[in-house]
Amino acid sequence: FSFQKIFFIRVGFIHNQRIGHFAGNLEVYLTRKKYLEEKKEKRKSLDIFYSPETKFFNYYHRKTCNTELEKLWKKKLIVLPRTLVRPVCLLVRFLKLTYLHCGSEFEDRDSLNLFDIYEPSLKFSEEQILYGEKEKELLGIPKGKKFICLIVRDELFLETIYKNPDKNELSKHKFRNTNLQNYISACEFLTTKGYYVLRMGVHAKDKIKTDNKMIIDYAYLQKNKRTEFMDIYLGANCEFCISSMLGFDAIPYIFRKPILFINGLPIAWYWTFSKKFFILPRNLFSIKLNRNLKLKEILNNDIGYVYNSKIFNDNNIIPHESTKEEILEAVKEMLYHLKNNFNNILDGKSNEEKYWKIFSRLVNKRKNDTDNPIYLHGIIKSKISNSFLKNNPDYLK
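Please read these numbers as outputs of a predicted model, since none were measured by experiment. (Residues numbered from 1 in each chain as written. Predicted model: local features only at pLDDT ≥ 70, side-chain atom pairs only at ≥ 80, totals over all residues. Heavy atoms only, no water.)

Colleague: Hey, could you go over the pattern of salt bridges for me, with residue numbers and the actual values?
Modeller: If you walk through the whole model with that rule in mind, you get 14 salt bridges. Between Lys 71 and Glu 68 there is a salt bridge, and its shortest N-O distance comes to 3.4 Å. On the criterion of helical spacing, the pair formed by Lys 71 and Glu 68 is a turn pair, its members being three residues apart in helix H2 (residues 67-74). Where Arg 291 meets Glu 297, a salt bridge forms, and the shortest distance between an N and an O atom there is 2.7 Å. Arg 291 sits in the partly exposed class, given a relative accessible area of 29%. Linked through salt bridges whose partners overlap, the residues forming this network are Lys 33, Glu 37 and Asp 47. (Salt bridge = Lys/Arg side-chain N within 4 Å of Asp/Glu carboxyl O. Helix = DSSP H or I, 4+ residues; strand = E, 2+ residues; numbered from the N terminus. Buried < 20%, exposed > 50% of the residue type's maximum accessible area, 1.4 Å probe, protein only.)

Colleague: Can you explain the packing of helix H4 (residues 126-138) against helix H8 (residues 228-237)? Please cite residues and give values.
Modeller: With their axes 10 Å apart at the nearest point, H4 and H8 run at an angle of 95° to one another. Considered as vectors, H4 and H8 are oriented roughly perpendicular to each other. Side by side, H4 and H8 meet where Gln 128, Ile 129, Tyr 131, Gly 132, Glu 133, Glu 135 and Lys 136 of the first sit next to Phe 229, Met 230, Tyr 233 and Leu 234 of the second. Tallied by class, the residues present in the contact of H4 with H8 amount to six nonpolar, two polar and three charged. (Axes fitted to C-alpha atoms, helices over the stretch in contact; angles between N-to-C directions. Parallel < 35°, antiparallel > 145°, perpendicular 65-115°, else oblique. Contact = heavy atoms within 4.5 Å. Nonpolar A, V, L, I, M, F, W, Y, C, P; charged D, E, K, R; others polar.)

Colleague: I'd like a rundown of unusual backbone geometry, residues and numbers included.
Modeller: Put simply, Leu 265 and Pro 266 share a cis peptide bond, and its omega is 0°. With respect to the element layout, Pro 266 can be found in the loop between strand E11 (259-262) and strand E12 (277-280). Positioned with a positive phi, Asn 290 is a non-glycine residue whose angle comes to about 60°. Here Asn 290 is to be found in the loop between strand E13 (284-286) and strand E14 (291-292). At Asp 302, a residue that is not glycine, the phi angle is positive and equals roughly 65°.

Colleague: Any details on the environment of Asp 206? Residues and values, ideally.
Modeller: Turning to its location among the elements, Asp 206 is positioned in the loop between strand E8 (196-199) and strand E9 (215-216). Distance from Asp 206 to Leu 180, taken between C-alpha atoms, is 7.5 Å for residues 26 residues apart in sequence. Sequence-distant contacts of Asp 206, defined by excluding residues within four places in its chain, comprise Asp 154, Leu 180, Gln 181, Arg 199 and Tyr 220.

Colleague: How would you summarise the side chain of His 377 if you had to cite specific residues and measurements?
Modeller: Considering the arrangement of structural elements, one finds His 377 in the loop between helix H13 (349-363) and strand E16 (383-384). Within the local environment of His 377, its side chain forms a polar contact with the backbone oxygen of Ala 268, the two atoms lying 2.7 Å apart. In this structure the side chain of His 377 is engaged in a polar contact, spanning 2.7 Å, whose partner is the side chain of Thr 272. (Polar contact = N/O pair within 3.5 Å; in protein donor to acceptor, adjacent residues only side chain to side chain.)

Colleague: Tell me about the sheet that holds E8, and name the residues and values.
Modeller: Strand order in the open sheet formed by seven strands is E9-E8-E7-E10-E11-E12-E16, and the pairing between neighbours is parallel. The open sheet has two edge strands with one neighbour each: E9 and E16. Examined bridge by bridge, strand E7 (residues 147-151) and E8 share four bridges and lie parallel to one another. Residue pairing in the sheet places Ile 148 in a bridge with Val 197 of E8. Packing against the sheet, helix H12 (residues 324-339) makes contact with strand E10 (240-243), E11, E12 and E16, and its axis sits at approximately 160° to E12. (Pairing = 2+ DSSP bridges.)

Colleague: Tell me about the environment of Glu 353, and name the residues and values.
Modeller: Structurally, the position occupied by Glu 353 is in helix H13. With a relative accessible area of 47%, Glu 353 lands in the partly exposed category. Counting along the chain gives 30 residues from Glu 353 to Lys 383, while the straight-line C-alpha distance between them is 9.6 Å.

Colleague: Report on the pairing of E10, specifying residues and quantitative values.
Modeller: Here E10 shows two buried faces, one formed by Phe 240 and Ile 242 and the other by Cys 241 and Ser 243. Bridging between E7 and E10 involves four bridges; their strand directions are parallel. Paired with Ile 151 across the strands is Ser 243, a residue of E10. Direction of pairing for E10 relative to E11: parallel, over a ladder of three bridges. The residue bridging Ile 242 from the neighbouring strand is Leu 260, located in E11.

Colleague: Go over a nonpolar patch on the surface with me, naming the residues and quoting the values.
Modeller: The grouping of Leu 46, Ile 78, Leu 80 and Leu 84 at the surface amounts to a nonpolar patch, some 310 Å² of accessible area in total. One can find Leu 46 in strand E2 (residues 44-50). (Patch = residues over 30% accessible without salt bridge, like charges linked within 9 Å, V, L, I, M, F, W, Y side chains within 5 Å. Areas by Shrake-Rupley, 256 points an atom, 1.4 Å probe, with all protein chains shown as cover.)

Colleague: Hey, could you go over the packing of aromatic side chains for me, with residue numbers and the actual values?
Modeller: Ring pairs (aromatic) are described by centroid distance and by the angle formed between their planes. Scanning the model with the defined rule gives 21 aromatic pairs in all. With centroids separated by 5.6 Å and ring planes inclined at 10°, the aromatic side chains of Phe 124 and Phe 255 adopt a geometry described as stacked. Taken together, the residues Phe 124 in the loop between strand E6 (100-102) and H4 and Phe 255 in the loop between helix H9 (250-254) and E11 connect sequence positions 131 residues apart. Aromatic ring contacts, followed pair by pair, group Phe 115, Tyr 253, Phe 261, Trp 271, Phe 273 and Phe 277 into a single cluster. For the cation-ring pair, Arg 256 lies above Phe 115, with the distance from its terminal atom to the ring centre recorded as 4.1 Å. (Phe/Tyr/Trp six-rings, centres within 6.5 Å; stacked < 30°, edge-to-face > 60°. Lys NZ or Arg CZ within 6 Å of the ring centre and 35° of its normal.)

That is the geometry; function is a separate question.
Structural data, given as C-alpha cells:
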C-alpha cells in the first residue's frame, strides 16, 4: 500500500514578480489540477505555495507585481510564509520523499488545450464588478460600449522595475520592442466600428499620438485613475486584446478573451492553444541572403526558438516589425473572426493549413527534447493572418 496512491502533497513557489507568470502559470496549474482530478487521476493533492524573496537573480528587487491579482489568487490557493515553507521544500528534496513534491513544474502554456474546456478560475465579486464598471465610465468608456486592450512592448518597463539594470538582460529583449505609432491606424479603424481602445501599460516610453477621444492612453493616466485593480478588470473584460506578446496579455488569456498577437517572437513559441488566438507573423530578414527567411528555414535552423537579440545579430538576421498596413489588415481579419465566433476560415484556407502543417511538423520535433522538456503545443487551434500569407507568397515555399 502506498500513501501517494490516494494522496499527494506538493510544495511550490509563486512567480509573483512579473504579471505574465503570476497570472498564466497559476491559471494553467489550477486548470490542470482540476482536469487531472476529474478525468485522469483518482488521487487528490494538497498543494502549498510560498512567494520567493523580492531579490531575484541578484538584481531584481520588487514585491508582488499586482496586489489585486494576489488577493484574487489567495482565495484559490494555500499560500504560507516563505520562512515556514522553504525549509520544508529543501528537506523534501534532500530526503527524496516519493509522496512529496517540491518545485514549480507548471508554466504558462496551455498545451493540454484546457482553457477552451474549463471556465476561468478567478471571478470578480458583485461589489468588484460594480466598482469596475463605475471606474470604466470615469475613464471615458460609456456604459455598454465595447473596448479593446492594446499592449505594446518597449524597453522602459524593464529599465524601470530593475533598480540595478543588467545591460545584457535589457539588450537581450531588444528584438521584442516595437513602435507604438504603427498601431494607430488600426486603432482609428476600430473606433469607426464603435470600439473604444485602451492602450495599457504601467511604465510606457511613448504616448500614443492621436486626438481621437475613443483611444485612451491608459498607461499615461494619473496614478489614481490607473490602478492595479483596473489593470486586471479591464484585461478580464475587454472584447479582445491586441498584444506584441508580453506580460499583460496573460490577463485576457486567463479570462478566456480573444487575443491578436502582433510582432511576436520567437515563432516556435506562438500561443496556439485556443481558436480565439489570431497571429500576425513577423518577417525575419537575412542580410546574407538579402531576403526574408521562409518558415521552413526559420524552424529548421532553430531561429524560430531564438530569444536573444545577440543571436539574431550574430546570425545577421533582422526581425522586421509589422507595418501599419499589415497591422490594420490583421485587425480587420480579427473582427471577421470575432463576428463568426472564430469558426470560419477566410478564403486562404489552403495557405493556413499549409502553414500549420509545416509548423507542427518542425516544432514538435523538439517537443520531447530531454534537455528542455517543455511541451510547447498541444492541438493547434490558433489562426494565422491570411493577408500576411497572401502578401508574402515565398514564406511557405
